[in-house]
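Descriptive analysis of the structure
Below, each chain spelled out in residue letters.
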Amino acid sequence: MKVAVIGCTHAGTAAVKSIAAQHPEAQITVYERNDNISFLSCGIALHVGGVVKDPGGLFYSNPEELAGLGAVTRMRHEVLAVDTNAKTLNVRNLVTGEEFTDSYDKLVVTTGSWPVIPKMEGIDLDNVQLCKNYAHAQEIIARAADAERITVIGAGYIGIELVEAFHELGKQVTLIDNMDRVMAKYLDRDLTDLAEQALKDRGVQLALGRTVEGFRGSEGKVREVVTTDGTFEADMVVLCIGFRPGTDLLKGQVDMLPNGAIIVDDYMRTSNPDVLAAGDSCAVRYNPTGTAMYIPLATNAVRMGTLAGMNLVQPTVRYQGTQGTSAIRLFDWNIASTGMTEAAALAARLNVKTVTIHENNRPEFMPTYDDVMLKLVFEAAGGRIVGAQVMSKADMTQAANTLSVCIQNRMTVQELAFVDFFFQPHYNKPWNVLNTAGLAAMEEMKKGQTAPEAAVQTKLAV
């Protein structure tokens, strides 16, 4: 069985390892247009800020390891075209320029994503940087050394992490986003207000609720960022405005979302039975709504890549979907979220309620303790949990992982209130913060109910 894998970052590396383990007889050929594989782009900000000194640690595999598994890894080879009917690939060797055709029995598409690059004046000026791969990381570090004023465009996780890294390097940092809040995709306003205050307290200039219209420069280098509400001086600009799936090779050949994300079933199979796909090139099943969505995360990618290998020949292990669970550290804040924000749930026309609790992470008799802010988003009818966010100076981010399991299993706030968690004063209270949140949500559900409905809730809480 000839297996071709296109692209070898998170999903591709996981797929190759899984295929080699599950199908040792397979002839695996990997086509990768870069000169490296498996780069953890989520570590770019850590490398830029000097936390990770050796960028080699941000690679979790290499062509030699894959070769040891029996895979032929063709680096600096770009697939120019795919014919899924003929089961052929047209390939170019980017070093020699040679072009050739290869064939396959099974194709695994793990072509990933690429930063959104807006068409606007000055986008080609020197020092306007992308932030995605190893080469970008090296460019950012090199150019930041001589830049005093750095502007980051995009206030998602990557943008926020870069802002912190540049601040730690002593740069004057401006953060621009067309949303009126930072991290609006992941957090509701009550949490982003705290995050924004942390940025302001450290001198970061926030320019929110405005759209970038272009860039001005001199001597070929960027000098100003022009927005719908003001102009900002900059010696360097980093674009962090989102990603699009890299799926042009399969357009018109498999089913896709309007944005080009490949639609796969629960076994990573596309609408063509001999083509599987995984990672940032794909849509995923979003468990809070049960719909296909584009959520490019490394965690999704490695799971999907592994499953592509397991399900290469026949459906064997089912994908369980995702909650889009993620986390970030911002200065001394530990922040995590899973599932839907309140804003996202309302935009999806779900009838939801929310509770936000403040609870100390440990008993007050302990020498130290920290406030934990936890927000639950749940359906008003029935109490099914659809989202949660947690923020604290203490590291309570694992609560988001626990709540991710709750969402995946369609648990209710009533069930969360009485889940068995351990108690030990070094770590928590007799009522775990998640139990407390569940109890508070039950009380919130009673509001507006009829007397018999409220009586049922009260009985459950006894």
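The preceding data block contains the structure.
Residues numbered from 1 in each chain as written. Predicted model: local features only at pLDDT ≥ 70, side-chain atom pairs only at ≥ 80, totals over all residues. Heavy atoms only, no water.

Before going further, it helps to spend a moment on the sheet that holds strand β18 (residues 275-277). The sheet built from 5 strands is open, its strands ordered β3-β2-β1-β7-β18 with parallel pairing. The sheet is open, and its two borders are formed by β3 (72-75) and β18, each paired with just one other strand. The average undirected angle you get between the axes of adjacent strands in this sheet is 20 degrees. As defined by bridge partners, strand β1 (residues 2-6) adjoins strand β7 (residues 106-109) across 4 bridges and the pair is classed as parallel. Note that in β7 the partner of I6 across the bridge is V109. (Pairing = 2+ DSSP bridges. Helix = DSSP H or I, 4+ residues; strand = E, 2+ residues; numbered from the N terminus. Axes fitted to C-alpha atoms, helices over the stretch in contact; angles between N-to-C directions.)

This paragraph deals with the packing of aromatic side chains. Overall, the coordinates contain 4 aromatic pairs when judged by the stated rule. Aromatic pair Y31 and F100: ring centres 6.4 Å apart, planes at 45 degrees, arrangement tilted. Of this pair, Y31 sits in strand β2 (residues 27-32) while F100 sits in strand β6 (residues 99-103), and the two are 69 residues apart along the sequence. Given the relative accessible area of 22%, F100 is considered partly exposed. Taking 6.2 Å as the distance between ring centres and 70 degrees as the angle between the ring planes, the aromatic pair formed by F418 and W431 counts as edge-to-face. Within this pair, whereas F418 is found in the loop between α10 (413-417) and α11 (433-446), its partner W431 is found in the loop between α10 and α11, the two being separated by 13 residues in sequence. Look at F418 and you get partly exposed, because its relative accessible area is 40%. For W431, a relative accessible area of 45% translates into the label partly exposed. Over the ring of F243 we find K132; its NZ or CZ atom is 4.9 Å from the centre of that ring. The residue whose ring lies beneath K393 is W333, and the NZ or CZ to ring-centre distance is 4.6 Å. (Phe/Tyr/Trp six-rings, centres within 6.5 Å; stacked < 30°, edge-to-face > 60°. Buried < 20%, exposed > 50% of the residue type's maximum accessible area, 1.4 Å probe, protein only. Lys NZ or Arg CZ within 6 Å of the ring centre and 35° of its normal.)

With a probe scaled to a water molecule rolled over the atoms, the places where space remains empty come into view. Under the criterion given, the structure shown has 3 cavities of 30 Å³ or more. For the largest cavity, the calculated volume is near 50 Å³. For the largest cavity, the full set of lining residues is P115, V116, C131, I158, L239, C240, I241, G242 and F243. Counted by class, the lining of the largest cavity contains 8 nonpolar, 1 polar and no charged residues. (1 Å grid on protein atoms, 1.4 Å probe; cavity = no way out; pocket = protein on both sides within 12 Å on 5 of 7 lines; lining within 4 Å. Points joined across faces, edges and corners; volume = space filled by probe spheres on them. Nonpolar A, V, L, I, M, F, W, Y, C, P; charged D, E, K, R; others polar.)

To continue, consider the pattern of salt bridges. The full count for this structure, using the stated rule, is 29 salt bridges. Across the pair K375 and D188 runs a salt bridge whose closest N-O atoms are separated by 3.2 Å. Here the residue K375 occupies a position in strand β24 (residues 371-379), and D188 occupies one in the loop between β11 (172-177) and α6 (189-201), the gap between them amounting to 187 residues. Like D188, K375 is buried. For the salt bridge of D248 with K251, the shortest nitrogen-to-oxygen distance reads 3.4 Å. Judged by its relative accessible area of 47%, D248 falls in the partly exposed class. Look at the salt bridges and you will find they share partners, linking R149, R223, E233 and D235 into a network. (Salt bridge = Lys/Arg side-chain N within 4 Å of Asp/Glu carboxyl O.)

The next point concerns unusual backbone geometry. A positive phi angle is found at R76, which is not glycine, with a value near 55 degrees. With respect to the helices and strands, R76 occurs in the loop between β3 and β4 (77-83). Relative accessible area serves as the criterion here: at 33%, R76 is assigned to the partly exposed category.

Grouped burial of nonpolar side chains is what soluble globular proteins tend to show. In this structure, I28, L89 and L107 are the most contacted members of the largest nonpolar core, which totals 50 residues. Broken down by element, this core gets its largest block of residues, 5 residues, from helix α1 (residues 10-22). Discounting chain neighbours no more than four positions away, the residues touching L107 are A4, I6, V82, L89, D274, V275 and L276. Core analysis: the second largest hydrophobic core is formed by 42 residues, V152, L162, L175 and L208 among them. (Core = buried A, V, L, I, M, F, W, Y, C linked by side-chain atoms within 4.5 Å. Contact = heavy atoms within 4.5 Å.)

Glancing now at helix α7 (residues 298-310). In an α-helix, one turn spans 3.6 residues, which is why side chains three or four residues apart end up on the same side. The end-to-end C-alpha distance of α7, which contains 13 residues, comes to 19 Å, matching closely the 18 Å that a straight helix rising 1.5 Å per residue would cover. Among all positions in α7, only N300, A301, M304, G305, L307, A308 and G309 are buried. Those residues of α7 that are buried lie in contact with α1, β7, β18 and β19 (284-286). (Expected span 1.5 Å × (residues − 1).)

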